[in-house]
Structures are given as C-alpha cells and as structure tokens.
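Commentary on secondary and tertiary structure
Residues per chain, in single letters:
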Amino acid sequence: MKTFYVTTPIYYLNGEPHLGHTYCTVASDALARYKKARGFDVKFLTGVDEHGQKVERAAADVGLSPQAFCDGLVEKYKAAWASLDIDYDYFQRTTNPAHMASVKKIFKKLYDRGDIYKGSYEGLYCIPCETFFTETQLKDANGKVSTTCTVEGCGRPLERVNEEAYFFRVGKYQKQLEAHIEANPEFIMPVSRRNEMVNNFIKPGLTDLCVSRTSFSWGVEVDFDPGHVIYVWVDALPNYATALGFLSDDDRDYKKYWPADVHVVGKEITRFHTIYWPCILLALGEPLPKQIYGHGWLQIEGQKLGKSLGNAIAPAPYVEEFGSEAVRYFLLREFAFGPDGNLTRSALINRYNADLANDLGNLLSRTVGMVDKYFGGALPVCEAVASPFDGDLVTLATEMVGKVETHMDNLHFSEALNEAWNLVRRANKYIDENAPWAMAKDMDANQAALANVLYHLAEVLRIMAIVISPVLVRTPAIIREQLNITDAALAAWDSAKTFGSLPRGVKVTKGAAAFPRVDKPEAK
Ligand SMILES: [Zn+2]
C-alpha cells in the first residue's frame, strides 16, 4: 500500500491554541482523511514545541515550572483538536524522552562529521521568535540596519547576546539545497513562497547557524558539553522524524513513512523548514521531505491574531456556536490556502447559511421529504423514465470527482469544495427544472418519471457524502442514515465516480435538519 505522511508544525507552547493553529491543523487533517479515502496508508503528525527561553519565561511569569506549564497547555491543545474531530496518529512533544535522546544523537552526529563546531556568538536575538540575526540579515534594501526583529509580524526589540556557542555549517549545503530546489519544483509551495525563499534567503548566501545557547536551561542539553542547550529549532525540526522513531530502538515507522509527503506550515516559519531542516537532513544523509507547503495567515475581523482580540482568537467559541463541521468547512472553503484570509463572524454566518443550510441541507431535506410525501418513504423499483435534465446532472457529477481530486492533491481545499458544491447547486436547479410537485399531481401518469427524478437526487447526495468526507466528517453519516445507505461499498471514494451505483428503490428515514439555519444578529 502506498504511504502518505503529513505533518502540522509542532506548535510553540507559549499560549493556548488559537485559530491560526486551528487553520493549519484542520487543513492537514482534511488532507490526511482525503488520502486515507483514496486508499493510502496515512500517518498524520501534530504536536507541540515545549523548549526555549520564551516558554521558560512564560512559565516563570505564572509561577510554574516549565514542565507543569507545558503539561497544562498540552491538555488544551488535545481538547481543541478533539472538539474539531482532528484524527492524528502521533502527538509529538519535544519533552518526550525518546525525542530528546534522538536530538542529542543528531547533534553528536553532526559534530562528529565536523558540520557542527564550537565558536562564540555575538549578535542580536529575538526571544519571542527564537531567532538569531546577523547584521546582513537586518539590512533593508537601502542598507539601513534594523534594531528590531524582522520576522514578518514581529518587530519586537532584539536582545544583544554574547556567548560561547556551537555553529552548524549551513553554508556548506547551499549548493546541494539549491540543486534540490531546482530539480524539485514542488519542494516549496506555493510558488510565491518558493521565490521568496530562493531570492531573499538562499541566493544572498547561507551563513552558519548558531545552534546552542548557554543563557538558559529549558531545552535539550548537549550531552558532550553540559551547559549548552541545543537551539530550539534544531530540537524542534527533527520531531517530524523522531515521531517515527528516527535514531531510536524502534525505527520501523521511520523506515516505512519517511520522507514526509508534506510539511504543512505557516508562512512565517517556511524559512526554517525549507533551509535549516533540509540542511540538517543533507548533513545526516537522510532523504528530504517531498514538500513544504507554507500557507497564509488568518486575520480575525480584519485584525492580526493577537491578545487584543481576547477570546475571539480561540476556536472554542466558534465551535460551540456553529459546530465543528461549520468551522472546518468555513476555514477551508472561505479562503484559498496560500494567501492570507480574514475570518469574520458575518462571513461565517453567510457561508453557513448559503452553502450548508441552503444548498446541501435543503437538498437533503427536500429529497427525503419528497420520497416520504409522494412514495411513503420508499421509491418504487419500476421501469426507468428518464428526465431530459438527467444527462447534464450525471455528466457534472461524474466529472466533478476528478476535479476534486486534482484540487485536493494540490492542497487547494477551497477550489475542491467549490467543485463539489457546483453539483449541489446543479441538483437543486434540477429539482426546479423537473418540478416534482407538478408531476405528483398525476401520479398514475408520472409515477416512474417522478421516482427517477428523486432517485437522481438521492444518488447526488450519496456522491456528496463521499467527496465532502475529508472536510465535513460527521455529515456523511447523517446523509447515509436518512437514505438508509449501509453498504460500505457505496461509501467508498471510487464509487463516487460511477453515477447510478445506488440501487433503485431507495428508502428514506426523515431526520433532523443537518444544518439548521442560523438567524442571528451578525454582531455579538
Ligand atoms: Zn521576533
């Protein structure tokens, strides 16, 4: 069986999970579910990054040990992911002893190879971003040197540090990395992100990276030089491999699932994933991940995610009010996955009412309602009398599945959902074209034709239940329950490509509305 390994970043534990983490995690979950539906042997990793000075300080601020501080936050992450039906296989923590042991081995291997050497570091450091800067990196286009952090969205003051430190010879791997990016156009996606990495960071020249600190202790110690703590990114990035058992006693999963098919990351950390992580792997002689996908950021009501927004940045209030299905759907449908997006309450309500309540929810309730009303809940198995509108509907349904696959394979979630909804909208139009309520006025003459129309609607719903399943994970069961579909073969992905798989003589069971309309004032 073909394997597929997808990862989210391990989220930095200086606070509770917010919608930015949610966006990335829901997308990765949808991709994992899609690949499973397509028959891949899938592993999906998420987790948390617990080490570093920022966590140490945040814990001290609330009077906790760093470990106790992290343990508390981990539960909040796990609860958030459970509330959103995130179905991960591994939840990696950088305090996991097996991970820490492997990171020590990685550091030692690189040292033994001469790729890590001891020197001294004097320069500027952004603690919130855990990022070192050389003067060159702080220069803007006019040669002016910034005194604040230049990581997008940061801008906080830099601290001057002067320490004995270890360095990783990143520059040594520049040519190899450039050749890899050149030979593998899908290695960094989307294309805009690749151009940014190549032009702004790689082409100007990679300089050696400071990979240890001595000014704090919350991290993985260099075992051959106590007092040195391994730089948090060199601790964090290998988690994608250590979660699979890399350099541990049991590395069967590593052998089976590495290299990762895609690391899904936010654009602000694309640099670490497309430069430092590949260089570490090149130095270790291990294969590189097949793709790093740097998605855009979410804004809330037009503002950047930040503490000033209070509870609006947490997923919980949205899940409680609209349900996990609506939140998952909105995040993946409303914005393309590369550029930034803006989550507003009014857009969420509009999207919910238009796509879920009106388009899909109504198609289900109308179809079930009409089978119930005109045929007492069971369509007759009679000689087919086709409608002149069947051909168009069937063609659209059949072609839709392939389009959804192409978009999903490219992490174009919004475009995939839009293709699926074209079928829902077409089916609703098909109801209007056939006017079943008019046919029902003369059941003696129109029984077979009416049954044919309702059969087509039920088949569209069966197909929809399949193609929406990576994103809407509870709704397919509701659809199947109301259409009494119990045969697993009728829920298999490939069966969506054959219109007419559903046996005639559909029986329905009326149920509650899948998506009751939300009629609420837009502003809270
Ligand atoms: Zn910063």
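What comes next is a walk through the structure. (Residues numbered from 1 in each chain as written. Predicted model: local features only at pLDDT ≥ 70, side-chain atom pairs only at ≥ 80, totals over all residues.)

**Brief notes about the overall build of the chain**
The secondary structure content of the chain amounts to 19 helices and 15 strands. C-alpha atoms of the chain, sized along the principal axes, occupy 90 × 50 × 45 Å. Each of the 524 residues in the chain was classed as buried or not, and the buried ones make up 44%. (Helix = DSSP H or I, 4+ residues; strand = E, 2+ residues; numbered from the N terminus. Buried ≥ 20, exposed ≤ 12 C-beta atoms within 10 Å, placed from the backbone.)

**Remarks on helix H4 (residues 97–112)**
Spanning 16 residues, H4 covers 22 Å between terminal C-alpha atoms, matching the ideal 22 Å at 1.5 Å per step. Restricting attention to buried positions, one finds in H4 the residues His99, Met100, Ser102, Val103, Ile106, Phe107 and Leu110. The buried residues of H4 occupy an angular sector of 165° when the element is viewed end-on, so they sit on one face. Of the exposed residues in H4, the ones pointing more than 90 degrees away from its buried face are Pro97 and Asp112. Among the residues trailing H4, Gly114 stands out with phi positive, at a value near 85°. (Expected span 1.5 Å × (residues − 1). Arc of directions from axis to C-beta.)

**Considering the pairing of strand E6 (residues 159–168)**
Pairing analysis gives 10 bridges linking strand E4 (residues 116–126) to E6, with the strands arranged antiparallel. In the strand pairing of E6, Glu122 is matched with Asn162. Here E6 pairs with strand E8 (residues 209–210) via 2 bridges, running antiparallel. What sits directly across from Phe167, in E8, is Cys210. (Pairing = 2+ DSSP bridges.)

**Here we look at the packing of helix H2 (residues 53–61) against helix H3 (residues 66–83)**
Their axes nearest at 8 Å, the elements H2 and H3 cross at an angle of 90°. Comparing their axes, H3 and H2 come out roughly perpendicular. Across from Val55, Glu56, Ala58 and Ala59 in H2, the residues of H3 making contact are Pro66, Phe69 and Cys70. Partitioned by chemical class, the residues of the contact of H2 with H3 number 6 nonpolar, no polar and 1 charged. (Axes fitted to C-alpha atoms, helices over the stretch in contact; angles between N-to-C directions. Parallel < 35°, antiparallel > 145°, perpendicular 65-115°, else oblique. Contact = placed C-beta atoms within 7 Å. Nonpolar A, V, L, I, M, F, W, Y, C, P; charged D, E, K, R; others polar.)

**Comments concerning the sheet that holds E6**
What the 4 strands build is an open sheet, ordered E5-E4-E6-E8; its pairing is antiparallel. This sheet does not close on itself; its edge strands, each paired only once, are strand E5 (131–133) and E8.

**Considering the sheet that holds strand E7 (residues 188–189)**
Sheet strands pair by backbone hydrogen bonding; their relative direction is either parallel or antiparallel. Taken in spatial order, the 6 strands line up as E3-E2-E1-E11-E12-E7 in an open sheet, and their pairing is parallel. In this open sheet, the two strands that pair with only one neighbour each are strand E3 (90–93) and E7. In this structure, strand E11 (residues 262–266) lies alongside strand E12 (residues 292–295), joined through 4 bridges in parallel fashion. In the strand pairing of E12, Val265 is matched with Gly294.

**Notes on unusual backbone geometry**
In this structure, Pro190 follows Met189 across a cis peptide bond, with omega equal to -10°. Tracing the backbone through its elements, the reader meets Pro190 in the loop between E7 and helix H7 (191–202). Note that the residue after Trp258, namely Pro259, is joined by a cis bond; omega there is 5°. In this structure, Pro259 sits in the loop between helix H10 (252–257) and E11. In this model, Asp85 sits at a positive phi of 60°, which is unusual for a non-glycine residue. With respect to the helices and strands, Asp85 occurs in the loop between H3 and E3. One non-glycine residue, Glu130, lies in positive phi territory at about 50°. What makes Glu130 buried here is the crowd of 22 C-beta atoms within 10 Å.

**A word on the pairing of E4**
Across 3 bridges, E4 lies against E5 in antiparallel orientation. What sits directly across from Leu124, in E5, is Phe133. The turn linking E4 back onto E5 is made up of 4 residues, and Glu130 within it adopts a positive phi angle of 50°.

**Brief notes about the environment of Arg271**
Residue placement: Arg271 occurs in helix H11 (residues 270–284). In this structure, the C-alpha to C-alpha distance between Arg271 and Met197, residues 74 residues apart in sequence, is 6.6 Å.

**Here we look at the packing of helix H6 (residues 174–183) against H11**
As a packed pair, H6 and H11 sit with axes 10 Å apart at the nearest point and diverge in direction by 110°. Between H6 and H11, the angle is such that the two are roughly perpendicular. Here Gln176, Leu177 and His180 of H6 lie close against H11, whose contacting residues are Ile275, Pro278, Cys279 and Leu282. Here the residues of the contact of H6 with H11 are counted per class, giving 5 nonpolar, 2 polar and no charged.

**Remarks on H11**
Between the first and last C-alpha of H11 there are 21 Å, a value that for 15 residues agrees with the 21 Å anticipated at 1.5 Å per step. The buried fraction of H11 amounts to 12 of the 15 residues, a majority that puts the element mostly inside the structure. Those residues of H11 not exposed but buried are Thr270, Arg271, His273, Thr274, Ile275, Tyr276, Trp277, Pro278, Cys279, Ile280, Leu281 and Ala283. Downstream of H11 by a residue or two, Gly285 has a phi angle that is positive, lying close to 75°.

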